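Letter by letter, the chains look like this.
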Amino acid sequence: MIKLINLTKQYGTLTAVNGIDLEVPEGQVFGFLGPNGAGKTTTIKMIAGLLQPTGGSALVGGYDVQRQPLKAKFITGFIPDRPFLYEKLTATEFLYFVSTLYDMKDPKPRIAELLDLFGLNEWADELVENFSHGMKQRLVMASALLHRPKVLVVDEPMVGLDPRGARLVKDIFKDLAATGVTVFMSTHTLEIVEQMCTRVAIINRGGIIAQGSVEDLARMASMPDSHLEPVFLRLTGGDEQIQR
Amino acid sequence: MFLLTPRYHGIKNRFSRLAPGDGLKSVILALLGLAFWAFLFGVSFKVLSYFRTIEGLGDLLAIRLLSMVLITFFSILVFSNVVTSLSTFYLSGELDILLSSPVPIGTVYRAKFVETIADSSWMTLIYGLPVFIAYGAVFKASAAYYAGLVLALVPFLMIPAAIGIGITMLLVSAFPARRAKDVLVLLGLLFFVAVYILFRMLRPEKLVDPDAFPTLVQYLTAMRGPVSPLLPNEWAEEVLAPLLRSAKGDVLFYLLMLWSTAGAGVVIGEWVCNRVYYASWSRSQEGRRAALSRSRAADRFFSLISLPFPGKMRSIVLKDAKLFFRDTSQWSQLFLLVALMVVYIYSFKLLPFERAQMPSFYLQNLISFLNLGMVGFVTTAIAVRFVFPAVSLEGAAFWIIRSAPLSITDFLWAKFWSSLIPLLLLSEILIILSNALLKVTPFMMGIGVVTVFLMTFGITSLGVGLGAAFPRFRYENAAQIPTGFGGIVYMLAAMLFIGSVVVLEAWPVYRIFAAQSFRGHIPPSGWVLIGSSFLLVLAVNVLALLLPMKIGLKRLMEREI
């Protein structure tokens, strides 16, 4: 469902993403991990069509994000790490606006369903500027799911969410995957990856250094039966830094 | 002072890490600033030199003008400090760090006081300096004048800062900061609009035309303005005027008045701050309910505005209309627009055609032709505030548009059409009303209406296109958006465009008008030339419509968010 072919992004002389190749099949929750500044958000933005790659291509549902951007975006839902929204719209108005961008006919029942699902009913007619960070994050998630996307691209989904919200999001992602939706998720919360992700890729300094199931990664790090945290630190060289 | 180091490093890093192209932008901006500075100096020098040639009254006029300059600066500074201190003391992002660290409130006050002065006064100071230096040059003042100027200006900037910060603290104690900001913006604009209209209606230009007054007594009475010995601008004048004329005066006394008041202002301000700041800062973080968003009438109004637009374009227009009318700093600017239009049209009522040497109908039609250009400029002035920021106003939420299945072309044209319609309405009202007041011939009225109609397309396209080419997605206030490099490029491009249209139309319109007025005949070759000129006008308009949108589209697509 998602295919990255030699995907590269350079900012001047800095190579943020260095020719990565990845393939994520339909119905998988895919974890995209890496230390700060490794190239996760840059990769995600290229998949969502927010950044132009310097080289290579990103395909979503078989559509090249650069050549057929509208077709790719119609089947994609994007959740950024920071929920910047139109502060002077109400939650309902914002969802209506997004529904028109996706050519949705009669979005009212779907909007009501999602406001209810994300616990925003009481706040439906309140201006977004009065929302807390977590509420904004939930509203962004509702907007990303509004048009029933086939691919969900998520950058740090748990930031700002309370434990109930985090649990809700985990359940939603699992349910979505069960119905065939592909979830491509970058996160620093390794327990979530362990609980949810079918496969994981680790990016470091712009390149993919490991990919497979959590067990595969543990074997690669020569740490079978270990949790993901020490495995991640070993693979990214973070354990050496800690020992120093 | 250590609290100001992040700000200092921020400015230093901005200049030491310029991106490619920023250097050129800075040079162009610096040159434009310098040109404006030179222009201000030149005009001040010329006016003051002229005053000095008027025997007996000249010096009086010059000092009167100085008094007007000082009181204007003082009022602007008080207001500017109120607005700025709202940001520096209540809305700034660093306050969370500052107030959670073990720094006494008094220290925060002093640091923020300096920051507020720097932010609120630099522009007044920069634009004021050429005027003060022109005074020195015209009066051939000694070094004492310049020393006095520096010594008087420092407390002259401190006093309004202390007053402004005090007003802000009291205001925020009564309203939450964001609400106080709305109230302030609105009051400030109404104040400005009232002063502007009043100023125009009073026609200050009469002051330099003693013939306009029946008697010398009336003239001198008009010269005497509102003077109060308790105002700091009077003290500054009492320092500067004697030094200019090398006359005797209580310079030292008034300098001490300025400095002691400034000192007292800081001490009292710190005392007030220690008592009310923490509580008011805490209040400033309170939210507010969405009253307007629940109004059915408002909803119907927004739907009505967006009705003529199809599909996705309609939802963008609807969203933009809601965002505009729910943001006080945005919709309150409409007052400025109305003031601009009223003053513009009112000016036509004042034109002294009856005193002109030329036949009145000829002059009226000539002015109506120049009016074409003027309406273009007024429309540009409105567009730079309302159309140029159209793309930037998406702000940090622009990712929503970029990640949605909406082509940037459709998005940009949606912005174009939604800006064009209100702008067309305004420009046509301006040209029709001003031409009606001028009582021009139907031919000139027709030319005006059609040309302005076409030009508005170009002005809108330049605004939306260049606004997209130079977007500013990070801003605190929408009014900041047109103040950057892109805004200047837009103004220059629009002036070039309007100038070209007026110049290209001047000759054919003159030929036709002259033939009509004096029953002349235009040979076939003349019609060919006239037709070619009008075709060129059309070509310039088509170019102004398509090129900026193309540039804006390209730049926006390349832009990474």
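On a predicted model such as this, the values are computed, not experimentally measured, just so you know.

### With respect to the overall build of chain A
Next up, step 1: Helix and strand counts for chain A come out as 10 helices and 10 strands.
Next up, step 2: Expected size for 244 residues packed as a compact globule is a radius of gyration near 18 Å; at 18 Å, chain A falls within 12% of this value.
Next up, step 3: Taken along its principal axes, the extent of the C-alpha atoms in chain A is 50 × 40 × 35 Å.
Next up, step 4: Counting only residues that meet the buried cut, chain A has 48% of its 244 residues in that class.

### Examining the overall build of chain B
Next up, step 1: Within chain B one finds 20 helices and 0 strands.
Next up, step 2: Counting only residues that meet the buried cut, chain B has 34% of its 561 residues in that class.
Next up, step 3: Partitioning the intrachain contacts of chain B with sequence separation of at least 6 by distance along the chain shows that 83% fall at a separation of at least 24.

### What to know about unusual backbone geometry
Next up, step 1: Notably, Glu156(A) is not glycine yet its phi reads approximately 50°, a positive angle.
Next up, step 2: Among the structural elements, Glu156(A) can be located in the loop between strand 7 (151-155) and helix 6 (163-178).
Next up, step 3: Positive phi values are uncommon outside glycine, yet Lys140(B) reaches one of about 45°.
Next up, step 4: Mapped onto the elements of the fold, Lys140(B) is located in the loop between helix 5 (105-138) and helix 6 (143-174).
Next up, step 5: Note on Lys140(B): 9 C-beta atoms within 10 Å, which makes it exposed.

### Description of the interface of chain A and chain B
Next up, step 1: Listed by partner, the interface residues are 26 residues for chain A and 23 residues for chain B.
Next up, step 2: Listing elements by their share of the side of chain A that touches chain B, those giving two or more residues are helix 2 (69-74) and helix 3 (91-101) of chain A.
Next up, step 3: The biggest single contributor to the side of chain A that touches chain B is helix 3 of chain A, with 5 residues.
Next up, step 4: Counted by class, the side of chain A that touches chain B contains 16 nonpolar, 5 polar and 5 charged residues.

### So, helix 5 of chain B
Because an α-helix completes one turn every 3.6 residues, residues spaced three or four positions apart along the sequence face the same direction.
All names here are of chain B.
Next up, step 1: Counted at 1.5 Å a residue, the expected span for helix 5 with its 34 residues is 50 Å, and the 47 Å between its end C-alpha atoms agrees.
Next up, step 2: At Ser121, helix 5 is deflected by roughly 50°, the largest bend along its length.
Next up, step 3: Among the residues trailing helix 5, Lys140 stands out with phi positive, at a value near 45°.

### Some remarks on the nonpolar core
Next up, step 1: The biggest cluster of nonpolar side chains holds 147 residues, and the ones touching the most others in it are Ile47(A), Phe94(A), Val183(A) and Phe184(A).
Next up, step 2: Residues within four places of Phe184(A) in sequence aside, it is in contact with Ile2(A), Val24(A), Phe30(A), Phe32(A), Ile47(A), Val151(A), Val153(A) and Val154(A).
Next up, step 3: With 48 residues, the next largest nonpolar core counts Phe74(B), Tyr90(B), Ala134(B) and Leu258(B) among its residues.

### Brief notes about the sheet that holds strand 10 (residues 207-212) of chain A
Residue and element names in this part refer to chain A.
Next up, step 1: On the basis of which strands lie adjacent, the open sheet formed by 6 strands has the order 6-7-8-3-9-10 and mixed pairing. At either end of the open sheet lies a strand with only one pairing partner, and these are strand 6 (76-79) and strand 10. The average angle at which neighbouring strand axes cross in this sheet is 15°, direction not considered.
Next up, step 2: As paired strands, strand 9 (residues 199-204) and strand 10 are joined by 5 bridges and run antiparallel to one another. Bridge assignment links Val200 to a residue of strand 10, and that residue is Gly212.

### Some thoughts on the confidence of the model for chain A
Next up, step 1: Across chain A, the average pLDDT comes to 89, with 97% of residues at 70 or higher.
Next up, step 2: Ranking the elements of chain A by mean pLDDT puts helix 10 (residues 238-243) of chain A last, at 61, and helix 4 (residues 108-117) of chain A first, at 94.

### Considerations on the sheet that holds strand 1 (residues 2-11) of chain A
Residue and element names in this part refer to chain A.
Next up, step 1: Spatially, 2-1-4-5 is the arrangement adopted by the 4 strands of the open sheet, whose pairing is antiparallel. With partners counted over all chains shown, the strands left at the sheet margins are strand 2 (14-24) and strand 5 (63-64), one partner each.
Next up, step 2: By the bridge criterion, 7 bridges tie strand 1 to strand 2 in an arrangement that is antiparallel. Within the sheet, the bridge partner assigned to Ile2 lies in strand 2 and is Val24.
Next up, step 3: Set on the sheet, helix 1 (residues 40-47) makes contact with strand 1, strand 2 and strand 4 (55-60); between it and strand 1 the angle comes to about 120°.

### Section: the environment of Glu234(B)
Next up, step 1: Checked against the element boundaries, Glu234(B) lands in helix 9 (residues 232-245).
Next up, step 2: Residues Glu234(B) and Ser67(B), 167 residues apart in the sequence, show an inter-C-alpha distance of 7.1 Å.

### Comments concerning the packing of helix 17 (residues 408-438) of chain B against helix 18 (residues 442-469) of chain B
Next up, step 1: Put simply, helix 17 of chain B and helix 18 of chain B touch, their axes get as near as 8 Å, and they point 150° apart. As helix 17 of chain B runs across helix 18 of chain B, the sense of the crossing is right-handed.

### A word on the packing of helix 3 (residues 58-91) of chain B against helix 6 of chain B
Residues and elements named next belong to chain B.
Next up, step 1: Look at helix 3 against helix 6: their axes get within 7 Å of each other, and the N-to-C directions meet at 50°. As summarised for this structure, helix 3 and helix 6 are arranged oblique, according to the angle between their axes. In this structure, helix 3 meets helix 6 at a crossing whose hand is right-handed. Contact with helix 3, carried on its side by Phe74, Leu77, Val78, Asn81, Val82, Ser85, Leu86, Phe89 and Tyr90, involves Leu157, Pro160, Ala161, Ile163, Gly164, Ile165, Ile167, Thr168 and Val172 of helix 6 and no other residues of that element.
Next up, step 2: Taken together, the residues of the contact of helix 3 with helix 6 break down into 14 nonpolar, 4 polar and no charged.

### Quick notes on helix 10 (residues 251-284) of chain B
All names here are of chain B.
Next up, step 1: Taking 1.5 Å of rise per residue, the 34 residues of helix 10 would be expected to cover 50 Å, yet its terminal C-alpha atoms sit only 43 Å apart, more than 12% below that figure.
Next up, step 2: Val276 marks the point of greatest bend in helix 10, at about 50°.
Next up, step 3: Among the residues of helix 10, Tyr254, Met257, Leu258, Ala262, Gly265, Gly269, Glu270, Cys273, Tyr277, Ser280 and Ser284 are the ones counted as buried.

### Considering the confidence of the model for chain B
Residue and element names in this part refer to chain B.
Next up, step 1: On average, residues of chain B carry a pLDDT of 81, and 82% of them reach 70 or more.
Next up, step 2: Of the regions scoring below 50 in pLDDT, residues 289-293 engages in 9 contacts with residues more than four places distant in sequence or in other chains.
Next up, step 3: Listed scores for the predicted complex are pTM 0.74 and ipTM 0.84.

### Section: the environment of Gly62(A)
Residues and elements named next belong to chain A.
Next up, step 1: Tracing the chain through its elements places Gly62 in the loop between strand 4 and strand 5.
Next up, step 2: Residue Gly62 is classed as exposed on the basis of its C-beta count, with 11 C-beta atoms lying within 10 Å.
Next up, step 3: When the C-alpha positions of Gly62 and Ile172 are compared, they lie 25 Å apart, and in sequence the two are 110 residues distant.

Calculation criteria
- Residues numbered from 1 in each chain as written.
- Chains lettered and ligands numbered in written order.
- Predicted model: local features only at pLDDT ≥ 70, side-chain atom pairs only at ≥ 80, totals over all residues.
- Helix = DSSP H or I, 4+ residues; strand = E, 2+ residues; numbered from the N terminus.
- Rg over C-alpha atoms; globule rule 2.2 N^0.38 Å.
- Buried ≥ 20, exposed ≤ 12 C-beta atoms within 10 Å, placed from the backbone.
- Contact = placed C-beta atoms within 7 Å.
- Nonpolar A, V, L, I, M, F, W, Y, C, P; charged D, E, K, R; others polar.
- Expected span 1.5 Å × (residues − 1).
- Bend = angle between axes of the 7 residues up to and from the residue.
- Core = buried A, V, L, I, M, F, W, Y, C linked by C-beta atoms within 7 Å.
- Pairing = 2+ DSSP bridges.
- Axes fitted to C-alpha atoms, helices over the stretch in contact; angles between N-to-C directions.
- pLDDT = per-residue confidence, 0-100.
- Left-handed = near helix turned anticlockwise from the far one by under 90°.
- Parallel < 35°, antiparallel > 145°, perpendicular 65-115°, else oblique.

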